[in-house]
Amino acid sequence: MTIRPLPPGLDLAAVGAGLLLLVGVPFYLLTLQTGVGIPRDGTSLVVGRDFLNLWMVGRAAWEPDPARYYDIATYLAALGEQVGAGYPGQLWSYPPSSLLIGAPFGLLPYLPALLLWTLTGLGAFAAALRLWTRDWRVIGILLASPAALFGLLSGQFACLAAAIILSVLHWRESRPWLAGALLGLLTVKPQLGLLFPVLLLVTGNWRAILSACATALGLALAVALLWGPDIWRVYLVQGIANQSLVLSDPDHLAGPFMATLFMNLRSASVSIPVASAVQTLLSIAAVALTVWHFRARPAAEDRKANLIFLACAVSVTPYMLSYDTLAVAAMAVLVIARGEGNSALLLLFYLPLLQMVAGPVGIAGLGLVPIALAWMLLRGHGEENRDGELKFSRIRP
């Protein structure tokens, strides 16, 4: 049997993924401390650290007044009952629709729930990648990519979110009602879908827009029926304020590990007004590039066009953890695998690792990488289209 070589450029991604699996994952497992209830890692946080929030929310879904967990003191007190007093500060800031996701997992003990959550994320991400490629080597590289592994080790929503995003992009034209419904589910982490309305409006995909709105409204109504409409008021007053804590304090939680320009600048001690102004300019640029490129209505299967969109989507928000860049990293690898991009796109694949090094020491600028690559791709795409039009004009009778 002949083993086909990897497409040029993917060997660097394969090496990185292999090293993470062979060195990074075992090293993390060796730091785990057992015999203290839920195992903890070298940072004193429980294994699957961020899943702890979803599990707690899942448990609250079966109790009276889950909205009380938006109060930080109340949430920390409840958290202390499960993992012990003095646990490093965590908070619940996700929309109340996260109760619908967490409820099934809240019925299980923590570790079995974490295992089920991890397998669900891996399975969904692999299935979404199969929509784009049948090459299991490419899928394997992406399953072991920095963003995927960081998301899995953190117990985060990253793999499921990336699966939804890749599926929406694949089906936005062929199955707009399904794509819109999936996009409505992404409102659980709204910062990941901020640019999708622009894409759908520019391309005139009204069916997907209607489906997304109907799904989001259906989720909101389901939450109001199950837990009372007041939970949405509490979220608007307290939940969004909890999210603002991360943006206002770069040292709070994982601020230095956000690959966004706003948090880059805040970690470098730039004031909030200045960082906000710069981020606003970047967001406007990202929207403008999206409108400019998609006004020509590129096909849904155009990987390079989708990569431009996802790079802009990463740039448009000030709040996005490094593992939330999984979708754009996946599309970058898919573009390279098709032979449509060079190795510079691997900066998106390695962005979480780069941010892990640069963020804690206050080195700013990595938040500009996605938009810079989007501009590079946009110019290249335009030149390819003009070349194609020129060649066509030469052969017309």
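In what follows, the accompanying structure is described. Everything numeric in this text was worked out from a predicted model, so none of it was measured. Counting from 1, residues in each chain are numbered in the order their sequence is written. Totals for whole chains, interfaces and linings use every residue, but because this is a predicted model, local features are given only for residues with pLDDT of at least 70 and side-chain atom pairs only at 80 or more, for both listing and counting. Here the side-chain values reflect all heavy atoms present in the structure, with hydrogen atoms and water set aside.

**Quick word on the overall build of the protein**
In step 1: Secondary structure elements are defined from DSSP: runs of H or I of at least 4 residues count as helices, runs of E of at least 2 residues count as strands, and each element is numbered from the N terminus. A tally of regular secondary structure across the protein gives 19 helices and zero strands.
In step 2: Both definitions apply: the radius of gyration is a C-alpha atom measure, and the globule rule equals 2.2 Å times residues to the power 0.38. Against the compact-globule benchmark of 21 Å for 397 residues, the protein has a radius of gyration of 21 Å, which places it among compact chains.
In step 3: For the protein, the spread of C-alpha atoms along the three principal axes comes to 80 × 50 × 45 Å.
In step 4: Three labels apply to residues, based on accessible area from a 1.4 Å probe with only protein chains included: buried if under 20% of the type maximum, exposed if over 50%, partly exposed otherwise in between. Counting across all 397 residues of the protein, residues that qualify as buried make up 52%.
In step 5: Across the protein, contacts joining residues at least 24 apart in sequence account for 73% of those joining residues at least 6 apart. By definition, residues are in contact when any of their heavy atoms lie within 4.5 Å.

**A short note on the packing of aromatic side chains**
In step 1: Centres within 6.5 Å make a pair out of two Phe, Tyr or Trp rings, where for Trp the six-membered ring is used; the pair is then stacked when the planes are under 30 degrees apart, edge-to-face when over 60, and tilted otherwise. Throughout the structure, instances matching the rule amount to 14 aromatic pairs.
In step 2: Centre to centre, the rings of Trp55 and Tyr110 are 5.3 Å apart; their planes meet at 85 degrees, and the pair counts as edge-to-face. Highlighted residues: Trp55 in helix H2 (residues 51-60) and Tyr110 in helix H5 (residues 110-130), separated in sequence by 55 residues. Here Trp55 and Tyr110 have matching classes, each one buried.
In step 3: Put simply, the rings of Phe51, Trp55, Phe105, Tyr110, Trp117 and Phe157 touch in pairs and so form one group of aromatic residues.

**Things to note about the pattern of salt bridges**
Two side chains carrying opposite charge are able to pair once their charged atoms lie near each other.
In step 1: One side-chain nitrogen of Lys or Arg within 4 Å of one carboxyl oxygen of Asp or Glu is enough to make a salt bridge. One pass over the structure, following the stated rule, counts seven salt bridges.
In step 2: Notably, a salt bridge pairs Arg49 with Asp41, separated by 2.5 Å at the nearest N-O pair.
In step 3: By relative accessible area, Arg49 is classed as partly exposed at 22%.
In step 4: Ionic pairing is found between Glu173 and Arg172, a salt bridge with its closest N-O pair at 3.7 Å.

**Some words on a nonpolar patch on the surface**
In step 1: Where nonpolar side chains cluster on the molecular surface, the patch consists of Val15, Leu19, Leu21, Leu22 and Val23 and spans about 500 Å² of accessible area.
In step 2: With respect to the element layout, Leu19 can be found in helix H1 (residues 10-30). Exposure above 30% relative accessible area and the absence of a salt bridge qualify a residue for a patch, where like charges join within 9 Å and nonpolar side chains (Val, Leu, Ile, Met, Phe, Trp, Tyr) within 5 Å. In these tables, accessible area is a Shrake-Rupley quantity obtained with a 1.4 Å probe, and a residue counts as shielded only by the protein chains included in the view.

**Considering the packing of H2 against H5**
In step 1: Contact pair H2 / H5: the axes reach a minimum separation of 11 Å and the direction vectors enclose 115 degrees. The orientation of H2 relative to H5 falls into the category roughly perpendicular. You can see that H2 and H5 cross each other, and the crossing is right-handed. Across the interface between the two elements, Phe51, Leu52, Leu54 and Trp55 of H2 pack against Tyr110, Ala113, Leu114 and Trp117 of H5.
In step 2: Just so you know the grouping, Ala, Val, Leu, Ile, Met, Phe, Trp, Tyr, Cys and Pro go in nonpolar, Asp, Glu, Lys and Arg go in charged, and all remaining residues, Gly too, go in polar. By residue class, the composition of the contact of H2 with H5 is eight nonpolar, no polar and no charged. Whenever a helix is involved, its axis is fitted only over the stretch in contact; in every case the axis is a line through C-alpha atoms, and angles between N-to-C directions fall within 0 to 180 degrees. Here is the rule for angles: anything less than 35 degrees is roughly parallel, anything more than 145 is roughly antiparallel, 65 through 115 is roughly perpendicular, and the remaining ranges are oblique. Crossing handedness follows the turn of the near helix against the far one: under a right angle anticlockwise gives a left-handed crossing, and clockwise gives a right-handed one.

**So, the environment of Val328**
In step 1: Take Val328: it is sitting in helix H16 (residues 326-337).
In step 2: For Val328 and Leu345, which are 17 residues apart along the polypeptide, the C-alpha to C-alpha distance reads 9.9 Å.

**Quick word on the side chain of Gln191**
In step 1: Here Gln191 shows up in the loop between helix H9 (176-185) and helix H10 (196-202).
In step 2: Judged by relative accessible area, Gln191 falls into the buried class, the value being 10%.

**Section: the nonpolar core**
Grouped burial of nonpolar side chains is what soluble globular proteins tend to show.
In step 1: Residue types Ala, Val, Leu, Ile, Met, Phe, Trp, Tyr and Cys, when buried and joined through side-chain atoms within 4.5 Å, form a set referred to as a nonpolar core. Ranked by size, the top nonpolar core spans 127 residues in total, and within it Phe51, Leu52, Tyr110, Phe125, Leu169 and Leu307 carry the most contacts.
In step 2: In terms of residue count, helix H8 (residues 158-171) provides more of this core than any other element does, twelve residues in total.
In step 3: Those residues in contact with Phe125 that lie beyond four places of it in its chain are Leu142, Leu143, Cys159, Ala162, Ala163, Leu166, Leu326 and Ala330.

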